[in-house]
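Chain by chain, the residues:
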Protein chains: 2
Amino acid sequence: MESVQLIHGEGGKYTETLIRDIFYEEFKNDILLKNGDSALLDIPSNKIAFTTDSFVVNPIFFRGGDIGKLAVCGTINDLTACGAEALYLSSSFIIEEGFLMQDLKKIARSMKDTCKQAKVNIVTGDTKVVPKGKVDKVFINTSGVGIVKNYFSNKIEKGDRVIVTGTVGEHGTAIAVDRYNLKVKGRIESDCAPLNSILDCLQGYYGSIKFMRDATRGGIGQILNEIANQSELGLHIFESKIPISNEVKSINEMLGINPLYLACEGRMVLVVDKYDSEDIVKVLVKEFNCDNASIIGEFTDEYEFVYIENDFGGKRILGSLDTQILPRIC
Amino acid sequence: MESVQLIHGEGGKYTETLIRDIFYEEFKNDILLKNGDSALLDIPSNKIAFTTDSFVVNPIFFRGGDIGKLAVCGTINDLTACGAEALYLSSSFIIEEGFLMQDLKKIARSMKDTCKQAKVNIVTGDTKVVPKGKVDKVFINTSGVGIVKNYFSNKIEKGDRVIVTGTVGEHGTAIAVDRYNLKVKGRIESDCAPLNSILDCLQGYYGSIKFMRDATRGGIGQILNEIANQSELGLHIFESKIPISNEVKSINEMLGINPLYLACEGRMVLVVDKYDSEDIVKVLVKEFNCDNASIIGEFTDEYEFVYIENDFGGKRILGSLDTQILPRIC
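Parameters and conventions
Residues numbered from 1 in each chain as written. Chains lettered and ligands numbered in written order. Predicted model: local features only at pLDDT ≥ 70, side-chain atom pairs only at ≥ 80, totals over all residues. Heavy atoms only, no water. Pairing = 2+ DSSP bridges. Helix = DSSP H or I, 4+ residues; strand = E, 2+ residues; numbered from the N terminus. Axes fitted to C-alpha atoms, helices over the stretch in contact; angles between N-to-C directions. Contact = heavy atoms within 4.5 Å. UniProt positions renumbered as here; feature names shortened; annotations may be inferred. Expected span 1.5 Å × (residues − 1). Buried < 20%, exposed > 50% of the residue type's maximum accessible area, 1.4 Å probe, protein only. Arc of directions from axis to C-beta. Polar contact = N/O pair within 3.5 Å; in protein donor to acceptor, adjacent residues only side chain to side chain. Domains from an automatic or database assignment. Buried area = accessible area lost by both parts, 1.4 Å probe. Salt bridge = Lys/Arg side-chain N within 4 Å of Asp/Glu carboxyl O. Parallel < 35°, antiparallel > 145°, perpendicular 65-115°, else oblique. Left-handed = near helix turned anticlockwise from the far one by under 90°. Nonpolar A, V, L, I, M, F, W, Y, C, P; charged D, E, K, R; others polar. Right-handed = clockwise from strand over helix to strand, strands pointing away.

### Quick look at the sheet that holds strand E9 (residues 209-214) of chain B
All names here are of chain B.
Consideration 1: The strand order across the open sheet built from seven strands is E9-E11-E8-E12-E10-E13-E14, with neighbouring strands paired in mixed fashion. Bordering the open sheet on either side are E9 and strand E14 (315-317), each of which pairs with just one other strand. Neighbour-to-neighbour, the strand axes of this sheet turn through a mean angle of 25 degrees, independent of strand direction.
Consideration 2: Relative to the sheet, helix H7 (residues 219-231) contacts strand E8 (161-164), E9, strand E10 (234-238), strand E11 (268-272), strand E12 (294-300) and strand E13 (306-309), its axis offset from that of E9 by approximately 145 degrees.
Consideration 3: Relative to E8, helix H9 (residues 274-285) is tilted by about 10 degrees, and along the sheet it contacts E8, E9, E11 and E12.

Here is the structure:
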């Protein structure tokens, strides 16, 4: 079977062919095809958001997605979290010598499909090939630019609510299941998805949204700690309100992992004014990928950490992530 | 000695510490420090250039630079080549478990110094850590955004001249010498440098510049072929006019490599109107890193490929790069 060779990374004829046959073929759009060393963009705003992420996930194909879909979603979601409408992405591949051309094609196709769904374009890229053993299969960097629609930077206050837009821990669990070949019953799939449509649907509530962040590495556990830390308030989380599937619960019990620290790749955490919080959830549940959106906690001035309370009144501190749980999750 | 561990990539406390102590410490600027998931930029133009490049050079420290300097220069030069003023960079690191903290610091310091020299800022970033053996030491992606000052897209015509802004093949030769531990006499160093000041100094000649490209992978040999191909004209190169050091010549003779295909990392190739070509060279030679700028050839309609003529009238075709010469050059 045809595979990527070192010469595909030398910058000559073979590089041109690889780029044309795989990347241009899948990603094609007017800006990309006119691309010299840079994409030339006409952006009708002076307020630009700019972000970057490298993806090293293992395995590269997993239930619910692959490294390509993940790379597109990750950068779109980072822009969205900052209140920016995602417009343009770059994609930069580092490929191991011998990597199958058909797998590369599959990844590029998946990036194209996700871009189409999210209405963004890949407009510039780069391709490197390194000798066998010098990289594990393929790593992808995506960077992105978008137009800032709103800065979510109001001060978090006592009483503000925390919303999570869907069930947690699914991406991390899916990766663990596929990486370690776990035999599991029930449906478990990565939640990997572009969340940019959230920005539009929440437009009427921008004034009430104080913070927004996609819960990737470190999961909601880490984010909740970061928010509590920045706000100098405490955060009271109701365990029973956290949307989580039985599959995720039981697999992670088996693995000894707290799923609250596992990466999601299609979930946003929001802090909102309490008066609009119920309405925001009502709007969110109608949105793509957000049907389990839920208020999971509220800010308090009684302490300065994250407390999690179960249905029986038992409370424990949910600390910042300080142990190694699952490397190469994204 | 302290080294990077997998937990530094988990997204928790250790990731925060690594980012703060190394990247924020070196790169610090108002935009970076306010960064959430994205940098928020105020760009006083609607014409934006956007580019990306991943760097996998081996060795990571080499005579005349390191992977960090290279990563900053590469992206700045890509923006410059498209007529854009480089403004903001992202930097995304993929680090091998066990990589020395002091080497990471050294690389970050070198990126900072190069940014300072070029007057650009790193405003957003990402850090991943992968297990030992899954990446070779460290790979860096930089993406960049800038303001488009001019599109160099006039039609290339018969008589137009080709300029190269300095001696060629030095980066590739320096990498080969350090990678293979060659014992060489004389000074050989990578030409790695940011070329963004060229845009300003050539401002009076924008109308005469038809093409600009930094000669990286594939060297000037590959670029000259790409230009000839696009222009549907032939290109007559005078071998004796190509600025090249004796060290580069003799080392590559020994290696059996044609240095015209070796990467430069601080050289631009320009196509300019013949009437302004001498004046443009006069301006360039006064500029940082361009003191050996030279007219090396002219376009002709007598054939449609790249001919290279030596001082004795001997001619040969300089083809597009189709063999493997030196992987992981950038």
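### Some words on the UniProt feature "domain: PurM-like C-terminal" (unreviewed entry) in chain A
Consideration 1: The sites that carry the UniProt feature "domain: PurM-like C-terminal" (unreviewed entry) are, in the present numbering, residues 158-304 of chain A.
Consideration 2: Secondary structure content for residues 158-304 of chain A is 34% helix and 18% strand, while the C-alpha to C-alpha distance between its ends is 11 Å.

### Side note on H9(B)
All names here are of chain B.
Consideration 1: Compared with the 16 Å implied by 1.5 Å per residue over twelve residues, the 17 Å span of H9 between its first and last C-alpha is a close match.
Consideration 2: Buried residues of H9: Ser277, Ile280, Val281 and Leu284, and no others. Take H9 and look down its axis: the buried residues cluster within an arc of 105 degrees, on one side only. Structural note: H9 exposes Tyr275, Glu278 and Lys282 on the side pointing more than 90 degrees away from its buried face.
Consideration 3: Turning to H9, the residues buried within the fold contact E8, helix H6 (197-201), E9, E11 and E12.
Consideration 4: Among the residues of H9, the N-terminal cap falls to aspartate 273, whose side-chain oxygen and the backbone nitrogen of tyrosine 275 are separated by 2.9 Å.

### Some words on the domain arrangement of chain A
How big an interface is tends to be stated in terms of accessible area lost as the parts join.
All names here are of chain A.
Consideration 1: You can read the domains of chain A as domain 1 (6-148) and domain 2 (161-317).
Consideration 2: With centres defined by C-alpha atoms, the gap from domain 1 to domain 2 works out at 28 Å.
Consideration 3: The interface of domain 1 with domain 2 comprises 22 residues on the first partner and 23 residues on the second.
Consideration 4: Both sides of the domain 1 and domain 2 interface together cover about 1,900 Å² of buried area, and 60% of this is carbon and sulfur.
Consideration 5: The largest per-residue losses of area from domain 1 upon contact with domain 2 belong to Arg63, Asn77 and Thr80, which jointly make up 34% of the total buried on that side.
Consideration 6: Counting the contacts that link domain 1 with domain 2 gives one salt bridge.
Consideration 7: Aspartate 178 is paired through a salt bridge with arginine 63; the nearest N and O atoms lie 3.0 Å apart.
Consideration 8: Run the count over domain 1 and domain 2 and you get eight residue pairs in polar contact (both at pLDDT 80 or more).
Consideration 9: Counting only elements with at least two residues in the side of domain 1 that touches domain 2, the list comes to helix H3 (67-81), strand E5 (84-96) and helix H4 (101-118).
Consideration 10: Top element by residues in the side of domain 1 that touches domain 2 is H3. It accounts for nine residues.

### Side note on unusual backbone geometry
Residue and element names in this part refer to chain A.
Consideration 1: Residue proline 59 is reached from asparagine 58 by a cis peptide bond, and omega for that bond is 5 degrees.
Consideration 2: Mapping proline 59 onto the fold places it in the loop between strand E2 (47-55) and strand E3 (61-62).
Consideration 3: The phi torsion at arginine 328 lies on the positive side, around 55 degrees, for a residue other than glycine.
Consideration 4: Mapping arginine 328 onto the fold places it in the segment after strand E14 (315-317).

### Describing the sheet that holds strand E2 (residues 47-55) of chain B
Backbone-to-backbone hydrogen bonds join strands into a sheet, with any given pair of strands oriented parallel or antiparallel.
Consideration 1: Across the sheet, five strands lie side by side as E1(A)-E2(B)-E7(B)-E5(B)-E6(B); this open sheet has mixed pairing. This sheet does not close on itself; its edge strands, each paired only once, are strand E1 (39-42) of chain A together with strand E6 (121-130) of chain B. This sheet shows a mean twist of 20 degrees between the axes of neighbouring strands, independent of strand direction.
Consideration 2: Pairing of strand E5 (residues 84-96) of chain B with strand E7 (residues 138-148) of chain B involves eleven bridges; the strand directions are antiparallel.

### Some details on the packing of helix H5 (residues 170-179) of chain B against helix H8 (residues 246-255) of chain B
Residues and elements named next belong to chain B.
Consideration 1: Where H5 meets H8, the closest approach of the two axes is 10 Å, and the angle between their N-to-C directions is 55 degrees. Overall, the two elements H5 and H8 adopt an arrangement that is oblique. Both H5 and H8 take part in a crossing whose hand is left-handed. On the side of H5, the interface is formed by Glu170, Thr173, Ala176 and Val177, while H8 contributes Val248, Ile251, Asn252 and Leu255.
Consideration 2: Within the contact of H5 with H8, the residues separate by chemical class into five nonpolar, two polar and one charged.

### Some thoughts on the pairing of strand E6 (residues 121-130) of chain A
Residues and elements named next belong to chain A.
Consideration 1: A large share of E6 lies buried, amounting to eight of its ten residues.
Consideration 2: Bridging between E5 and E6 involves nine bridges; their strand directions are parallel. What sits directly across from serine 92, in E6, is aspartate 126.
Consideration 3: Of the crossover connections in this fold, the one passing from E5 over H4 to the parallel E6 is right-handed.

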